[in-house]
Amino acid sequence: MTGPESEGTQVRRAVCPGSFDPITNGHLDIIARASRLYDEVYVAVMINKAKKGLFEIEERIELIRDVTAEYGNVRVEAFHGLLVDFCKQRDIPAIVKGLRAVSDFDYELQMAQMNNGLTGVETLFVPTNPTYSFLSSSLVKEVAQWGGDVSHLVPPAVLEALDRRLRQG
């Protein structure tokens, strides 16, 4: 074995979960910051069969892999079920979540406490860059569907995919 684990030190892993339909510059900011803090960062793309997304899971994964390739330590996988099970299966002790507003904190704190109570997984809250504090995938989709300019809100590859998908619809 080579690398940090062969020397007796544990690889520091974290997960950034979400639906990422589509990934935005706000998501990318949180992932980039996590990639500087951890040796390995998993981006867990949530599968919710009850919701019909704009992009299929495989498309989201491909877009995220494309826009995070420069970091080198980011892995992208789909998941269905409890996030703590995803963490347990991959020996991930930390969840990294971006917080946009106090309303995010109220919900995310409950989730963090539940996750910690279930398996001991910790949650690290990262304040969102003020540039992206209003940003959500839902808002991006809505603005794009009405012909608004979202080029400053998503990476170029995502903008192209959005344009293609909305022209099809």
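Residues numbered from 1 in each chain as written. Predicted model: local features only at pLDDT ≥ 70, side-chain atom pairs only at ≥ 80, totals over all residues. Heavy atoms only, no water.

A. Fine view of the pattern of salt bridges. Per the stated rule, a full pass over the model turns up twelve salt bridges. The network of salt bridges with common partners includes Arg13, Glu40, Arg75 and Asp91. (Salt bridge = Lys/Arg side-chain N within 4 Å of Asp/Glu carboxyl O.)

B. Region of the structure containing the UniProt feature "binding site: substrate" (unreviewed entry) in the protein chain. The positions that UniProt labels "binding site: substrate" (unreviewed entry) are, in the present scheme, Ser19, Lys51, Leu83 and Lys97. From the list above, the largest pocket is lined by Ser19, Lys51, Leu83 and Lys97. If you trace the backbone, lysine 51 turns up in the loop between β2 (40-46) and α2 (57-68). Accessibility expressed as a relative area gives 64% for lysine 51, which makes it exposed. (UniProt positions renumbered as here; feature names shortened; annotations may be inferred. 1 Å grid on protein atoms, 1.4 Å probe; cavity = no way out; pocket = protein on both sides within 12 Å on 5 of 7 lines; lining within 4 Å. Helix = DSSP H or I, 4+ residues; strand = E, 2+ residues; numbered from the N terminus. Buried < 20%, exposed > 50% of the residue type's maximum accessible area, 1.4 Å probe, protein only.)

C. Expanded view of helix α1 (residues 25-37). With 13 residues, α1 extends 19 Å between its outermost C-alpha atoms, agreeing within 8% with the 18 Å of an ideal straight helix rising 1.5 Å per residue. Of all the residues in α1, the buried ones are Asn25, Gly26, Leu28, Asp29, Ile30, Ile31, Ala32, Ala34 and Ser35. Looking at the buried side of α1, the elements it contacts are β1 (13-18), β2, α2, β3 (74-79), β4 (94-99) and β5 (122-127). A side-chain oxygen of the first residue of α1 lies 3.2 Å from the backbone nitrogen of glycine 26; this N-cap is threonine 24. (Expected span 1.5 Å × (residues − 1). Contact = heavy atoms within 4.5 Å. Polar contact = N/O pair within 3.5 Å; in protein donor to acceptor, adjacent residues only side chain to side chain.)

D. Focus on the packing of aromatic side chains. For the coordinates displayed, the defined rule picks out three aromatic pairs. Residues tyrosine 42 and phenylalanine 86 carry aromatic rings whose centres are separated by 6.1 Å and whose planes lie at 85° to one another, so their mutual orientation is edge-to-face. With a gap of 44 residues between them, tyrosine 42 in strand β2 and phenylalanine 86 in helix α3 (residues 83-90) connect regions that are remote in the sequence. When sorted by exposure, tyrosine 42 lands in the same class as phenylalanine 86, which is buried. Plain terms: the ring middles of phenylalanine 79 and phenylalanine 86 are 5.6 Å apart, the flat faces sit at 55° to each other, and that makes the pair tilted. By relative accessible area, which is 8% here, phenylalanine 79 ends up buried. Here the aromatic cluster, defined as three or more aromatic residues joined through ring pairs, consists of Tyr42, Phe79 and Phe86. The aromatic ring of phenylalanine 86 is capped on one face by arginine 90, whose charged end is 3.7 Å from the ring centroid. (Phe/Tyr/Trp six-rings, centres within 6.5 Å; stacked < 30°, edge-to-face > 60°. Lys NZ or Arg CZ within 6 Å of the ring centre and 35° of its normal.)

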